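Residues per chain, in single letters:
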Amino acid sequence: MLVYLLRRLVVAFCVCLAVSVLSFALIFLAGDPAIAIAGSGGSARDAEAVRIAYGFDRPFAVQYLDWIGHVLTGDLGRSIYFNMPVTEIIGSRLPVTLVLGGLAFLAALAVALPLGILAALKPEGALDRAALLLAVTGQAVPSFWLGLMAIVVFGVWTGWVPISGLASWQGYILPVAVLAFSAMPAMMRITRSGMIEVLGSDYVRTARAKGLPAGQVILSHALRNAVLPLVSLAAVQLGVLLSGSIVIESVFAINGLGRLAWESLLRADLPVVQAIILILSAVYVLLTTAGDLLNAWLDPRIRGAG
Amino acid sequence: MSEPLLDLEDLRISFPAGPERLNAVRGLDLRIGAGETLCLVGESGCGKSLTAMSLMGLLPREAQVGAGRFRLLGRDMARARPRDWAGLRGRGLSMIFQDPMTSLNPVLGVGRQLTEGVIATGGLSRAAAEARAVELLERVGIARAASRLGQYPHQFSGGQRQRLMIAMALMSRPRLLIADEPTTALDVTIQAQILRLLAELQRDLGLGLLLITHDLGVVAAIADRVAVMYAGRIVETGPAADIFNAPAHPYTRGLMAAIPVPGRTPRGALLPAIPGRVPGLTGRLEGCAFRERCSVAVPACAVRAPQPAGAHRTECHLATEAAP
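Bear in mind the structure is a predicted one, so any value in this text is a computation, not a measurement. Each chain has its residues counted from 1, following the order in which its sequence is written. Chains and ligands are labelled sequentially in the order written, the chains with letters from A and the ligands with numbers from 1. Confidence filtering applies because this is a predicted model: local features only for residues at pLDDT of at least 70, side-chain atom pairs given and counted only at 80 or more, and all residues used for totals across whole chains, interfaces and linings. Side-chain metrics in this entry use all non-hydrogen atoms of the structure; hydrogen atoms and water are not considered.

## Regarding the overall build of chain B
Along its length, chain B carries 11 helices and 12 strands. For the radius of gyration, the atoms used are the C-alpha atoms, and the globule rule reads 2.2 Å times the number of residues raised to 0.38. Against the globule reference of 20 Å for 324 residues, chain B gives a C-alpha radius of gyration of 21 Å, in line with a compact fold. Principal-axis analysis of the C-alpha atoms places the extent of chain B at approximately 65 × 50 × 45 Å. Burial classes: relative accessible area under 20% of the type maximum marks a residue as buried, over 50% as exposed, and values in between as partly exposed (1.4 Å probe, protein chains only). Looking at the 324 residues of chain B, the share that counts as buried comes to 51%. Throughout, a residue-residue contact means that at least one pair of heavy atoms, one from each residue, lies within 4.5 Å. Looking at chain B alone, contacts between residues at least 24 apart form 65% of all its contacts between residues at least 6 apart. Methods summary: accessible areas were calculated by the Shrake-Rupley approach with a probe of 1.4 Å, and residue burial reflects only the protein chains presented. Element-wise, carbon and sulfur atoms account for 53% of the exposed surface of chain B, whose accessible area totals about 14,700 Å². Note on conventions: DSSP H or I runs of at least 4 residues are helices, E runs of at least 2 residues are strands, and numbering of each starts at the N terminus.

This is the structure we're talking about:
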């Protein structure tokens, strides 16, 4: 297990390194940053001045090492638009998105797992069909429409929850529900198909032949095998939810990371964009590594017990 | 004489197959006494594994089972519900499956898989169950048993896994053990070891053993009685020695003729095979199912032959006439 852990961590580190180079290079691929900063009204001399002031005239490698050195000490640079440290701007937006995404993930999982298991117990049964309908709806209905409808019904007509913002905890209910509704179907379907396959396996038959009660057969013999693909999928889903949704944050007027990324792109606020890409990539790498480690803990064949 | 472990009369198993039904087992009688080894032989698809699964209540959901009499370990299972099977599995009734590579759960330790059954059904403490597991693992020939309880199935070879399966089946101290082709998935050299082990355990523990196989060599080695199955029915049954010395049913004779005997079968000679193929089992099947392939069939074979009472019974008109 220790060897596996170390190997995974080395891989994760290498991926992070590659991502940092790419996200840094992205800015130069998108065009000359000096011209972008100087703005459409800026002359060639303005752009030249910006180039020297920001150090864009230095070799790429030097600029990268300079930047990554600052990043490692926690300095993500200054926002060109706000003229504030990037860490402060992101620090005010990230928690909102983390709470929103985390809650939506937990809600989606809390529905997907039991529903997937129950649907698999009687494939083509009434519950399975209802679950399929729910899954197809969740995947097909656009979340902006669902969000707007939810605001109309629960915010405007009934007045049960605030129509926008996160001033009170009730404000979280609708955005979390809408996010969860779109994340749930994939997790539910993968749980269902995994359970159906595993329930037909020889070792589940062995477990039943031993005289184990049905609940124990399903939960300790079948589920442990069936969740392996779910763990991998859920790690990616959580990454998607934690990177913030531009649509949901716009519909519910939430100042999260998704909106910040979008607005910064429009303003050509490169340091902010760079930092967001870097942070989200690191979150993805962290999550997939955590998913792999969880699977290794669940399945002795992966961790190479021997 | 005490009640047999299994007393089965007119067992029928069918599956929906389009507009008709596939009648996989078509009226099967089977008795197994305490401490007796019965070998059920027949070719693939004749219904032997389905019969075994029906004895464990492990048939697929869509299977329909009926029986004139179905007494198992003294209980009437003719109209058994899932709850009733829970009273037998791991409580006197155990089973060993065909493929040990897929029959063990890959993500759970073998110690846990060995002990969880008796902890659930027999109320044993974990320590007592582990002590019994170590004892049985040593009995089935796994060295350093205690240190291997924490290992996982993929750390055992195929033969060792089947030994694990046997130990697991014996954990609950069964009176009737069903072994469904326990050696088919193993190397030939391992097959002999596993069979010798099964035969020893059967004798030492006084088990009733239902061994399902299509290997007549296996049958000759360990059977007390043999039942030959063809197209969902038992066509001949009797003491092993009788069946081997004087097979009465043309199908049994065909099977025996197909076994090469070292020294007697000429090298390179073609082994005799039974011509034709197994009849389809959809819908009703009148008369003897073997008559299309039988070299001695007579017009009377269009009607099923009665089975005379006795230790050696054969479902064949000709055998009945020939009997003294």
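## Quick notes on the domain arrangement of chain A
Residues and elements named next belong to chain A. The domain boundaries here were taken from an automatic or database domain assignment. Each domain of chain A was delimited in the assignment, giving domain 1 (2-62) and domain 2 (86-303). Relative placement of domain 1 and domain 2: their C-alpha centres are 32 Å apart. Facing the 15 residues of domain 1 at the interface are 14 residues of domain 2. Simply put, the buried area is the total loss of 1.4 Å probe accessible area from both parts when two parts are fitted together. Carbon and sulfur atoms make up 79% of the area that domain 1 and domain 2 hide from each other, which totals about 1,200 Å². The largest share of the area that domain 1 buries against domain 2 comes from Tyr-4, Arg-8 and Ile-27, three residues that together contribute 42% of it. The salt bridge criterion pairs a side-chain nitrogen of Lys or Arg with a carboxyl oxygen of Asp or Glu, the two atoms within 4 Å. Residue Asp-292 pairs with Arg-8 through a salt bridge whose shortest N-O separation is 2.8 Å. Two N or O atoms form a polar contact when they lie within 3.5 Å of each other; inside protein one atom must be a possible hydrogen donor and the other a possible acceptor, and for residues adjacent in sequence the pair counts only when both atoms belong to side chains. The interface formed by domain 1 and domain 2 includes 1 residue pair in polar contact (both at pLDDT 80 or more). Those elements that provide at least two residues to the side of domain 1 that touches domain 2 are helix H1 (2-29) and helix H2 (33-38). Partitioned by chemical class, the residues of the side of domain 1 that touches domain 2 number 12 nonpolar, 2 polar and 1 charged. In the scheme used here, Gly and all other residues not listed as nonpolar or charged are polar, with Ala, Val, Leu, Ile, Met, Phe, Trp, Tyr, Cys and Pro taken as nonpolar and Asp, Glu, Lys and Arg as charged.

## Some points on the packing of aromatic side chains
Residues and elements named next belong to chain A. Under the pairing criterion, centres of Phe, Tyr and Trp rings, with the six-membered ring standing for Trp, must be within 6.5 Å; the plane angle then separates stacked pairs below 30 degrees from edge-to-face pairs above 60, leaving the rest tilted. Under the counting rule described, the total for this entry stands at 10 aromatic pairs over all chains. On the basis of an interplanar angle of 50° and a centroid distance of 5.5 Å, the ring pair of Phe-24 and Phe-60 is categorised as tilted. Pair noted here: Phe-24 is in helix H1 and Phe-60 is in helix H4 (residues 60-72), with a separation of 36 residues, a long-range link. Residue Phe-24 is classed as buried on the basis of its relative accessible area of 5%. Here Phe-60 falls in the partly exposed class, since its relative accessible area comes to 37%. Relative to Trp-67, the ring of Tyr-64 has its centre 6.2 Å away and its plane inclined at 45°; by these criteria the two rings are tilted. Of this pair, Tyr-64 and Trp-67 both sit in helix H4, 3 residues apart, which is roughly one turn of the helix.

## Quick word on the packing of helix H10 (residues 214-242) of chain A against helix H13 (residues 270-298) of chain A
All names here are of chain A. Between N-to-C directions, angles span 0 to 180 degrees; the directions come from axes that are lines fitted to C-alpha atoms, helices contributing only their stretch in contact. Interhelical geometry of H10 versus H13 gives an angle of 170° and a closest axis separation of 9 Å. If you check the angle between H10 and H13, you find them roughly antiparallel. From H10, Arg-224, Val-227, Leu-228, Val-231, Ser-232, Ala-235, Val-236, Leu-238, Gly-239, Val-240 and Leu-242 reach across to H13, where they touch Leu-280, Val-283, Tyr-284, Leu-287, Thr-288, Gly-291, Leu-294, Asn-295, Trp-297 and Leu-298. Taken together, the residues that form the contact of H10 with H13 break down as 15 nonpolar, 5 polar and 1 charged. Just so you know how the angles are binned, under 35 degrees is roughly parallel, over 145 roughly antiparallel, 65 to 115 roughly perpendicular, and the rest oblique.

## Details of the pattern of salt bridges
Residue and element names in this part refer to chain B. Inspection of every chain in the model, using the stated rule, returns 23 salt bridges over all chains. Residue Arg-69 is joined to Asp-7 by a salt bridge in which the shortest nitrogen-to-oxygen separation is 3.3 Å. Taken together, the positions of Arg-69 in strand E5 (residues 69-72) and Asp-7 in strand E1 (residues 6-17) put the pair 62 residues apart, joining distant regions of the chain. Under the relative-accessibility criterion, Arg-69 is labelled partly exposed at 34%. Taking relative accessible area as the criterion, Asp-7 reaches 8% and is therefore assigned buried. A salt bridge links Asp-29 to Arg-313; its shortest N-O distance comes to 4.0 Å. Of the two residues, Asp-29 is situated in strand E2 (residues 20-32) and Arg-313 in strand E12 (residues 313-314); the sequence distance between them amounts to 284 residues. Since its relative accessible area comes to 36%, Asp-29 is described here as partly exposed. Via salt bridges that share partners, Asp-7, Glu-9, Arg-31 and Arg-69 belong to a single interconnected network.

## Here's the deal with the sheet that holds strand E8 (residues 176-180) of chain B
Residue and element names in this part refer to chain B. Only when DSSP finds a minimum of two bridges between them are two strands counted as paired. Taken in spatial order, the 7 strands of this open sheet run E7-E8-E9-E3-E10-E11-E12, and their pairing is mixed. Only two strands of the sheet have a single partner each, and these edge strands are strand E7 (93-96) and E12. Of the strand pairs in this sheet, E7 and E8 are connected by 4 bridges, and their pairing is parallel. Residue pairing across strands places Met-95 opposite Ile-178, the latter belonging to E8.

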